[in-house]
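Listed below, chain by chain, are the residues.
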Amino acid sequence: MKHAPIPIRTAVAASVAALGLLAGHAGAQSMADVQKAAQARGLSTADLLAAAKTYTPSGMKDEFVIFSSGGHSGQVHVIGVPSMRLIRTIAVFTPEPWQGWGYGVGNDVLAQGNVAGKPNLWGDTHHPALSETNGDYDGEWLFINDKVNSRVAVIDLRDFETKQILKNPLTVSNHGLCVTPNTEYVVESSQYGVPFGWEYATMDKYKETHRGCVIFWKFDRKQGRIVPGESFALELPPYWQDIVDAGKLASDGFIFINSLNTELATGGVQDKKPPFEAGVSRNATDLLHIVDWKKAEAVFRAGGAKEQFGFPVIPIETSIAEGLLYLTPEPRSPHGVDVAPRGDFIVVAGKLDPHVTVYSAEKIKRAIANKTYSGSDDYGIPILEFDAVVEARVEVGLGPLHTQFGSDGYAYTSLFLDSAIARWTLGGEYGKGTPEPDWTLVHKTPVQYNVGHLGAVHGDTVNPLGRYLVSFNKWSVDRFLHPGPLLAQNFQLIDISGQGANMPVIYDMPIGFGEPHYAQIIRADLLKPWSIYPEVGWDPHKQRIDPMAPKKGMERVTREGSTVEVWMTVVRSQFNPDHVKVKQGDTVIWRMTSLERAVDAVHGFAVPGYNIAVSLEPGETVTVEFIADTPGVFPYYCSEFCSALHLEMMGYLMVEPN
Ligand code: CUA
C-alpha cells in the first residue's frame, strides 16, 4: 500500500527539486541537511513530495477549510487543508467549557434542544450543510444535524457559534441534512421509523403505526434563524430514510432521499426472527424517494398539511394526489445519493452492489410527466420504472457508499469494503473533461481503512474545485500509536489535481474525538469571520449591541429585593468589580462586557462551586444567571492566559449564609 522505498540519493534529489530548495538561500540549510533528515526518518521521494504539498510553515494559512461533523462529540470541527490542522471546535449539542457553552454561554440555545422537556447534552452530529447561493457555498451559515435525537442546529459563520437548535417534533432519529440551492430550506430526513411523536407502540403493526418523514425547515437569512412557523414536513413510509441531497440546475426543485428498509423488517432476533441485518437487506432493491419540494411548498401554503404534534405534515395521500412524491428502485442498502454539479445526474451507491447507479434528471422528469410507473408501493406511492430513469451503471468496486465530484469530469466514490477511493468518469457534458471514455472506472487509491464518506473541495456543489479530497476512514488500525483500545479514526488527504491514476494519499490526520460522519470543504477566502466583535457590548445571540451591556465607568452591584445584578467590565488584567457580596438564596444576574479590542485578547470567567465558565471574546457581552444557594467564599478568575498578570485577574464572590 505504501510506495516502495527508493534509494535515498535519488529520492532526495527529486524531492529537493520539488521543495524548491535548490534555488534557495534557505539560511544555513542545504541539500545535504534535507538528505540527512529524510534518511534518518526513512522517507521516500513520495513522502517528501507529500510533505512539500502539505507542510504549512508557521504563519502560512490554509487555502481550504473542512467543516467536519464531530460524531459523538456532538460538535463541529474546523480543519485546514492542506495542513490538516485542527483550527477550532464549534460547540453545538454538547456543553464545552472553553467556549463556556452550557456553563453560562448558550444555555438557552442548548435548552431549545431538550427532548420532551429533558436536556440531552450530547449529539451524534452527522451532516454539515454550508449555506448556498445558486448552488454553491457562500460561507455565511452552517447547519448540522444530530442523528440520535433528530435535531438541527444553525451556526453563524461570522463568529462560528451556534445560534439555534431545533427539535424535530415527529421523530427521534434522523440521518440526512442538506440545503436547497439558495438555502430556502434546510432539509432533514428521518432515519428509523417510529410512530410520530415517538408514542408507544409495539412492532406488530409497524407498517400501520410507524412512519418516516422529511422536514423542510424554512431558513430566514436576515434573522439568521430557522422559522418553525413556516416549516413543514412530508409524511413518508417507515422505510429507513437515509441521505438527502437537493437537486440543482437541471434537477432544481427536487430533493432525493435514499431508503434502506423497504422490507419493513422489524427485527426480533430474541424471538428467533431474522435480525435487522438480514431482514433489512432481503429485497434486491430499495426505493429512492423523489420529492418535488417546490410543489410541496405550494401545497403547504395552500393549507394542504395537517397538524401533527404541533407541526404541519403533508399526508402521504396528499403527496400522491398532488404529485409531490415518487419512488424508483435503487440498489439495495443504499447509502449515498449525490447530485452531480449540473444537476443532471443523481448518483446512488448501494453498498451490496459493486456499481454506482446513475439516474438522469431529464428521464425522471419525463417518467413523472408520462406516468411511466412500474407499479406502486404498499402505501400507493407511484414507482417510476427503473429502466426509464437510469442513465448508466458503473462498476467501481466493493461496498460503494458516497460520491463527490471533481472539477474535471471525474467523480469519486468511497468503497467501504475495498477500503479505497474510486475515480471514475461521468458522461454527458462532463465527458469532455477527461481523457478516459465516459462512465469508466479510472483508478482506485487504497485508503486506511474502511472509508465512509468522502469530501472534495466544493465537491457537492454546482462548482466543484477539485484539488483535494479527504477520505473519512472509520478504522485506523496500524496507522497511529494506540492510545488504548479505542483508536483514532483517520482522515486521509488525497491530491486529486492530477489525472488518471495520479491521486496519491498525502497526509493522515488522526481524529480522536468521535466518529465524524460527513464534512464539507470550502474555499477559505469565502469565509468572512469577525476577528473581534464589531462593537463593545456585543450580544452574539442577537448579533447586535446589548443595551443592557455593562459600560466602562458604570460598573456596580445593585439589589432589588432578593435579586442582585452585577455590572462588570473585563479587560486586561482586571475584573471590575472584584468583590461581589450576595446573600444565600439571592438570584444573581451577572452581566459582563469585555472592553478588549485587540485580536485574540480573550478572557475567561470561571466560578468554583457554581458550574460557571464563560468565554469573553473581544467586545462580547454575556449574562449569567444563578441562585446563590451555596454560602461561602468563591474566588472567580480569568481562565485564559491573557497577560503577564493573568493570575491576578480574579475576584471574590462572597455568599453570606442565612
Ligand atoms: Cu484575562 Cu487571563
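Quantities reported herein were computed from a predicted structural model and do not represent experimental measurements.

Participant: Can you help me understand the overall build of the protein in this one?
Facilitator: Within the protein, the regular secondary structure consists of 10 helices and 45 strands. Rg of the C-alpha trace for the protein: 27 Å, near the compact-globule value of 26 Å for 658 residues, within the 12% margin. For the C-alpha atoms alone, the extent of the protein along its principal axes is close to 75 × 75 × 50 Å. In the protein, of all internal contacts separated by at least 6 residues, the share reaching a separation of at least 24 is 62%. Carbon and sulfur atoms make up 55% of the accessible area of the protein, which totals about 26,700 Å². Charge centroids of the protein, computed over 56 positive and 74 negative side chains, lie 2 Å from each other.

Participant: In this structure, what is going on with the sheet that holds strand S28 (residues 441-446)? I would like to understand it.
Facilitator: Taken together, the 4 strands give an open sheet; going across it, the order is S25-S26-S27-S28, and neighbouring strands pair in antiparallel fashion. Among the strands making up the open sheet, the edge pair consists of strand S25 (400-405) and S28. For this sheet, the mean angle separating the axes of adjacent strands, direction not counted, is 25 degrees. Judged from the 5 bridges that link them, strand S27 (residues 420-425) and S28 form a sheet pairing that is antiparallel. Bridge assignment links Arg423 to a residue of S28, and that residue is His443.

Participant: Any chance you could explain the pattern of salt bridges here in plain terms?
Facilitator: Note that side chains of opposite charge can pair when their charged atoms are close. Inspection of every chain in the model, using the stated rule, returns 24 salt bridges. Between Glu429 and Lys432 there is a salt bridge, and its shortest N-O distance comes to 3.1 Å. Here Arg523 makes a salt bridge to Asp525, at a shortest N to O gap of 2.9 Å. Using a relative accessible area of 31% as the deciding quantity, one classes Arg523 as partly exposed.

Participant: What's the story with empty space enclosed by the protein in this structure? I'm lost.
Facilitator: The full count for this structure, using the stated rule, is 3 cavities of 30 Å³ or more. The wall of the largest cavity is formed by 23 residues, among which Cys178, Val244, Asp245, Asp460 and Gln520 lie closest to the centre. Within the residue set of the lining of the largest cavity, elements represented by two or more residues are strand S4 (125-133), strand S8 (174-179), strand S13 (241-246) and strand S19 (334-339). Ranked by the residues each element gives to the lining of the largest cavity, the list is headed by S4, at 5 residues. Of the residues belonging to the lining of the largest cavity, the class tally is 12 nonpolar, 6 polar and 5 charged.

Participant: Please explain the nonpolar core as it appears in this structure.
Facilitator: In summary, soluble globular proteins display a tendency toward joint burial of nonpolar side chains. In terms of nonpolar packing, the biggest core is built from 50 residues, with Phe67, Trp590, Met592, Phe605 and Leu653 touching the most fellow members. When residues in this core are grouped by element, the largest group, 4 residues, is from strand S37 (residues 563-571). Excluding anything up to four places from it in sequence, Leu653 contacts Val580, Val582, Trp590, Val607, Tyr610, Phe626, Gly632, Val633, Phe634 and Tyr636. Ala296, Leu324, Leu325 and Ile381 belong to the second-largest nonpolar core, a separate cluster that totals 33 residues.

Participant: What am I meant to see in the pairing of strand S22 (residues 373-376) here?
Facilitator: Along any regular strand, the residues point their side chains to alternate faces of the sheet. Pairing of S22 with strand S23 (residues 382-384), which is carried by 3 bridges, proceeds in the antiparallel orientation. Residue pairing for S23: Ser376 is matched across the bridge by Pro382. From the end of S22 to the start of S23, which pair antiparallel, there are 5 residues, and Gly380 there has a positive phi angle of about 85 degrees.

Participant: Just to check I follow, could you spell out the packing of aromatic side chains for this structure?
Facilitator: Taken as a whole and judged by the stated rule, the model has 31 aromatic pairs. Between Tyr185 and Phe232, the ring centres sit 5.7 Å apart and the planes meet at 80 degrees, which makes this aromatic pair edge-to-face. Placement of the pair is Tyr185 in strand S9 (residues 185-190) and Phe232 in strand S12 (residues 232-236), with a sequence separation of 47 residues. Each of the two residues, Tyr185 as well as Phe232, counts as buried. Relative to Phe605, the ring of Phe575 has its centre 5.8 Å away and its plane inclined at 75 degrees; by these criteria the two rings are edge-to-face.

Participant: Which parts of the structure should I look at to understand the environment of Phe276?
Facilitator: Mapped onto the elements of the fold, Phe276 is located in helix H6 (residues 276-279). A C-alpha to C-alpha distance of 51 Å links Phe276 and Val602, two positions 326 residues apart in sequence.

Participant: Explain helix H9 (residues 361-369) here, please?
Facilitator: Among all positions of H9, only Ala361, Ile364, Ala367 and Ile368 are buried. One side of H9 holds all its buried residues, which, seen down the axis, span an arc of 125 degrees. The backbone nitrogen of Glu362 has a side-chain oxygen 3.2 Å away, supplied by the residue at the start of H9, namely Ser360. Within two residues after H9, Lys371 carries a phi angle of roughly 50 degrees, on the positive side.

Participant: What should I look at first to understand the sheet that holds strand S20 (residues 345-350) in this one?
Facilitator: Pairing between the strands of a sheet comes from backbone hydrogen bonds, and it takes one of two forms, parallel or antiparallel. The strand order across the open sheet built from 4 strands is S19-S20-S21-S24, with neighbouring strands paired in antiparallel fashion. A strand with exactly one partner marks an edge of an open sheet, and here the two such strands are S19 and strand S24 (390-395). Strand after strand, the sheet turns through a mean of 20 degrees between neighbouring axes, direction not considered. Contacts from H9 reach S20, strand S21 (355-360) and S24 within the one sheet, and its direction differs from that of S21 by about 60 degrees.

Participant: Help me out: how do you make sense of the confidence of the model for the protein in this one?
Facilitator: Close inspection of predicted coordinates is inappropriate in any region flagged by low pLDDT. Looking at the protein, pLDDT values average 95 and 96% of them are 70 or higher. With pLDDT under 50 throughout, residues 1-12 is counted as low confidence; its partners more than four residues away or in other chains account for 18 contacts.

Participant: Can you walk me through a nonpolar patch on the surface in this structure?
Facilitator: Together, Leu398, Phe416 and Leu417 make up a nonpolar patch on the protein surface, roughly 280 Å² of accessible area in all. Within the element layout of this structure, Leu398 appears in the loop between S24 and S25. When its relative accessible area of 47% is taken as the criterion, Leu398 is described as partly exposed.

Participant: Can you walk me through the environment of Cys638 in this structure?
Facilitator: In this fold, Cys638 is placed in the loop between strand S44 (632-637) and strand S45 (650-656). In sequence terms Cys638 and Phe216 are 422 residues apart; their C-alpha atoms lie 43 Å from each other. With near-sequence residues (within four places) excluded, Cys638 lies in contact with Phe575, His603, Gly604, His646 and Met649.

Participant: I keep staring at the pairing of strand S3 (residues 86-90) and nothing clicks. Help me out?
Facilitator: In terms of strand pairing, strand S2 (residues 76-81) meets S3 through 4 bridges, oriented antiparallel. When the bridges of S3 are listed, Ile79 appears paired with Leu86. As consecutive antiparallel partners, S2 and S3 are separated by 4 residues, and within that stretch Met84 has a phi angle of approximately 60 degrees, a positive value.

Calculation rules
- Residues numbered from 1 in each chain as written.
- Predicted model: local features only at pLDDT ≥ 70, side-chain atom pairs only at ≥ 80, totals over all residues.
- Heavy atoms only, no water.
- Helix = DSSP H or I, 4+ residues; strand = E, 2+ residues; numbered from the N terminus.
- Rg over C-alpha atoms; globule rule 2.2 N^0.38 Å.
- Contact = heavy atoms within 4.5 Å.
- Areas by Shrake-Rupley, 256 points an atom, 1.4 Å probe, with all protein chains shown as cover.
- Lys, Arg positive; Asp, Glu negative; His and termini not counted.
- Charge placed at Lys NZ, Arg CZ, Asp CG, Glu CD.
- Pairing = 2+ DSSP bridges.
- Axes fitted to C-alpha atoms, helices over the stretch in contact; angles between N-to-C directions.
- Salt bridge = Lys/Arg side-chain N within 4 Å of Asp/Glu carboxyl O.
- Buried < 20%, exposed > 50% of the residue type's maximum accessible area, 1.4 Å probe, protein only.
- 1 Å grid on protein atoms, 1.4 Å probe; cavity = no way out; pocket = protein on both sides within 12 Å on 5 of 7 lines; lining within 4 Å.
- Points joined across faces, edges and corners; volume = space filled by probe spheres on them.
- Nonpolar A, V, L, I, M, F, W, Y, C, P; charged D, E, K, R; others polar.
- Core = buried A, V, L, I, M, F, W, Y, C linked by side-chain atoms within 4.5 Å.
- Phe/Tyr/Trp six-rings, centres within 6.5 Å; stacked < 30°, edge-to-face > 60°.
- Arc of directions from axis to C-beta.
- Polar contact = N/O pair within 3.5 Å; in protein donor to acceptor, adjacent residues only side chain to side chain.
- pLDDT = per-residue confidence, 0-100.
- Patch = residues over 30% accessible without salt bridge, like charges linked within 9 Å, V, L, I, M, F, W, Y side chains within 5 Å.

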